[in-house]
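Notes for the structure review
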Amino acid sequence: MTILVTGGAGFIGNNFVHDWLAAGDERVVNLDKLTYAGNLSSLADLRGDERHVFVHGDIADRALIARLLAAHRPRAVLNFAAESHVDRSIHGPSEFIQTNIIGTFQLLEAVRDHWSGLGEAERGAFRFLHVSTDEVYGSLGENDPAFRETNAYQPNSPYSASKAASDHLVRAWHHTYGLPVLTTNCSNNYGPYHFPEKLIPLVIVNALAGKPLPIYGDGRQVRDWLYVRDHCSAIRRVLDRGVPGETYNIGGWNEKTNLEVVQVLCRTLDELAPAAHGSSYAAQISFVADRPGHDRRYAIDAGRIEKELGWRPAETFDTGIRKTVRWYLDNRAWVEEVQSGAYREWISRQYERGGAGG
Ligand code: NAD
Ligand code: TYD
């Protein structure tokens, strides 16, 4: 049997492919456009592995998807492909509309066409799993209860609005056409192969390079953090046991302010790779202008997936962060490889004028 994964050269997608192939021998067809965020070096160890078929292409290319579905007949399609960085969505939302909304629409249409031609048993067993974010629920106040699956969607950034739109399309394709879809809404992930434009890898990479550790605004914004391999195990569980048409919140039960996250990273780095300057990496912390429209707090109530599907994260924040820091220390060649011209251009645009607002 085979599954089709989209966006499998990105952060979560490549961790998912690795996790999947470590757990069994079912083949993965991996479709990725290889944007700045997609890196074949993250899949280098799978070269020559017949269980992994990489295809360079766009989820918005309906004809390509149709050919792949006909040729490989996957039992499930898992959609990881997206533009995923909030700050980039503020500077230029077009690609977010194109991939996250139009791309998901084209993918759904190709999948619906293929699925409706299957025999009854195959049609019943087929799944379309859409990987989404907790950011669709908007921003919480300090004492509000965590997001549940029943919360109204209130996206605030071009990124979260485009993901919310894609979630609505997925829902409608189930309700209207009966496509057996599953949607997961997960909190902030961290771990190996995370592109160093997001907070955690950026702080690790900048700390080791002796550069400032930029904190937007007052640093008291709260996120829930989940180790990426825990997200992968949750997705596998939802694929196996989730009820078509339902959505599942996934989280780590780890609410932290950004400042706390950066301090934990500094302490871990102080222990594992002390700075040459002799003081703590925390001395490199630098407060910069805030992100426009910055959501104050996200928190996930992951009670449903625990109660109904029996899933809980395996890592605590401390164990996950330690694994992550060690991975970045051991994989400096990967970091260098992904820090291409496009990466350097982004960093200078985003930070050299003093913060996230520029
Ligand atoms: P990422 O930006 O690291 O990777 C995205 C991947 O999609 C890249 O490999 C890119 O080349 C590919 N891609 C982009 N546009 C494409 C297109 N049109 N066709 C085919 N491939 C395309 O993102 P990520 O952090 O791995 O996130 C994966 C998914 O999980 C996204 O849908 C994101 O919204 C969701 N998510 C992410 C987080 C997080 O903390 N990173 C949390 C919850 C949900
Ligand atoms: P990020 O990793 O971009 O994820 P998201 O915006 O999807 O939550 O950012 C996590 C938090 O860290 C968010 O509140 C913004 C903040 N942040 C900084 O303070 N400094 C930075 O340089 C970055 C990239 C993010």
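The notes below deal with the structure included here. Since the model is a prediction, treat every value here as computed from it, not as a measurement.

Brief notes about the site of ligand 2
- For ligand 2, the set of nearby residues contains 16 residues, the closest of which are Glu-135, Asn-188, Arg-291, His-294 and Tyr-351.
- Tyr-216 places a main-chain nitrogen or oxygen 2.9 Å from an oxygen atom of ligand 2.
- Here an oxygen atom of ligand 2 and a side-chain polar atom of Arg-223 are 3.0 Å apart.
- Burial of ligand 2 by the protein chains amounts to 97% of its free accessible area of 510 Å².
- Elements with a minimum of two residues in the shell around ligand 2: helix 7 (199-208) and strand 8 (213-216).
- With 3 residues, the top contributor of residues to the shell around ligand 2 is strand 8.
- Residues that form the shell around ligand 2 fall into these classes: 7 nonpolar, 4 polar and 5 charged.

Quick look at the nonpolar core
- Ile-200, Leu-265 and Ile-321 are the most contacted members of the largest nonpolar core, which totals 37 residues.
- At 7 residues, helix 9 (residues 258-272) tops the list of elements feeding residues into this core.
- Among all residues touching Ile-321, those that are not within four sequence positions of it are Tyr-190, Ile-200, Val-264, Leu-265 and Thr-268.
- In this structure, Trp-20, Leu-182, Leu-239 and Trp-311 belong to the second largest nonpolar core, which totals 33 residues.

Here's the deal with the sheet that holds strand 9 (residues 222-227)
- Pairing is mixed across the open sheet formed by 3 strands, whose spatial order is 7-9-11. Only two strands of the sheet have a single neighbouring strand rather than two, namely strand 7 (188-190) and strand 11 (255-257). Each strand axis lies, on average, 50° off the axis of its neighbour in the sheet, ignoring direction.
- Where strand 9 lies against strand 11, 3 bridges are found, and the strand directions are antiparallel. Residue pairing in the sheet places Val-222 in a bridge with Thr-257 of strand 11.

Topic: the pairing of strand 6 (residues 181-186)
- Where burial is concerned, most of strand 6 is hidden: 6 out of the 6 residues are buried.
- Along strand 6, one buried face is formed by Val-181, Thr-183 and Asn-185 and the opposite face, lined by Leu-182, Thr-184 and Cys-186, is buried too.
- Note: strand 5 (residues 127-133) against strand 6, 6 bridges, orientation parallel. From the neighbouring strand, Ser-132 faces strand 6, where its bridge partner is Asn-185.
- In the classification by handedness, the crossover that spans strand 5, the intervening helix 6 (residues 158-177) and the parallel strand 6 is right-handed.
- Pairing between strand 6 and strand 10 (residues 247-250): 4 bridges, direction parallel. If you follow Cys-186 over to strand 10, its bridge partner there is Ile-250.

Comments concerning the site of ligand 1
- The full set close to ligand 1 counts 28 residues, and Ile-12, Asp-32, Ser-84, Tyr-159 and Lys-163 are the nearest of them.
- Measuring from an oxygen atom of ligand 1, one finds a side-chain N or O atom of Ser-84 at 2.7 Å.
- One of the side-chain N or O atoms of Thr-99 is found 3.0 Å from a nitrogen atom in ligand 1.
- Computed on the free molecule, ligand 1 has an accessible area of 840 Å², of which 97% lies beneath the protein chains in the complex.
- Elements represented by at least two residues in the shell around ligand 1 include exactly helix 1 (11-23), strand 5, helix 6 and strand 7.
- Top element by residues in the shell around ligand 1 is strand 5. It accounts for 3 residues.

A closer look at the packing of aromatic side chains
- Inspection of every chain in the model, using the stated rule, returns 18 aromatic pairs.
- By the ring-pair criterion, three or more aromatic residues cluster together here, those being Tyr-137, Phe-147, Tyr-153 and Tyr-298.
- If you follow Arg-304 out to its NZ or CZ, it ends over the ring of Tyr-248, 4.9 Å from the centre.

Overview of the sheet that holds strand 1 (residues 2-6)
- In space, the 7 strands of this open sheet follow the order 3-2-1-4-5-6-10, with parallel pairing throughout. Here the strands that pair on one side only, and so sit at the sheet edges, are strand 3 (52-56) and strand 10. Strand-to-strand twist across the sheet, computed as the mean angle between neighbouring axes with direction ignored, equals 20°.
- Two elements, strand 1 and strand 4 (residues 76-79), share 4 bridges in a ladder whose sense is parallel. When the bridges of strand 4 are listed, Val-5 appears paired with Leu-78.
- Running over the sheet, helix 2 (residues 62-72) touches strand 1, strand 2 (27-32), strand 3 and strand 4 and is turned about 175° from strand 2.
- Together, strand 1, strand 4 and strand 5 form the strand contacts of helix 4 (residues 94-116), whose direction differs from that of strand 5 by roughly 165°.

Conventions we followed
- Residues numbered from 1 in each chain as written.
- Chains lettered and ligands numbered in written order.
- Predicted model: local features only at pLDDT ≥ 70, side-chain atom pairs only at ≥ 80, totals over all residues.
- Heavy atoms only, no water.
- Near = heavy atom within 4 Å.
- Polar contact = N/O pair within 3.5 Å; in protein donor to acceptor, adjacent residues only side chain to side chain.
- Areas by Shrake-Rupley, 256 points an atom, 1.4 Å probe, with all protein chains shown as cover.
- Helix = DSSP H or I, 4+ residues; strand = E, 2+ residues; numbered from the N terminus.
- Nonpolar A, V, L, I, M, F, W, Y, C, P; charged D, E, K, R; others polar.
- Core = buried A, V, L, I, M, F, W, Y, C linked by side-chain atoms within 4.5 Å.
- Buried < 20%, exposed > 50% of the residue type's maximum accessible area, 1.4 Å probe, protein only.
- Contact = heavy atoms within 4.5 Å.
- Pairing = 2+ DSSP bridges.
- Axes fitted to C-alpha atoms, helices over the stretch in contact; angles between N-to-C directions.
- Right-handed = clockwise from strand over helix to strand, strands pointing away.
- Phe/Tyr/Trp six-rings, centres within 6.5 Å; stacked < 30°, edge-to-face > 60°.
- Lys NZ or Arg CZ within 6 Å of the ring centre and 35° of its normal.

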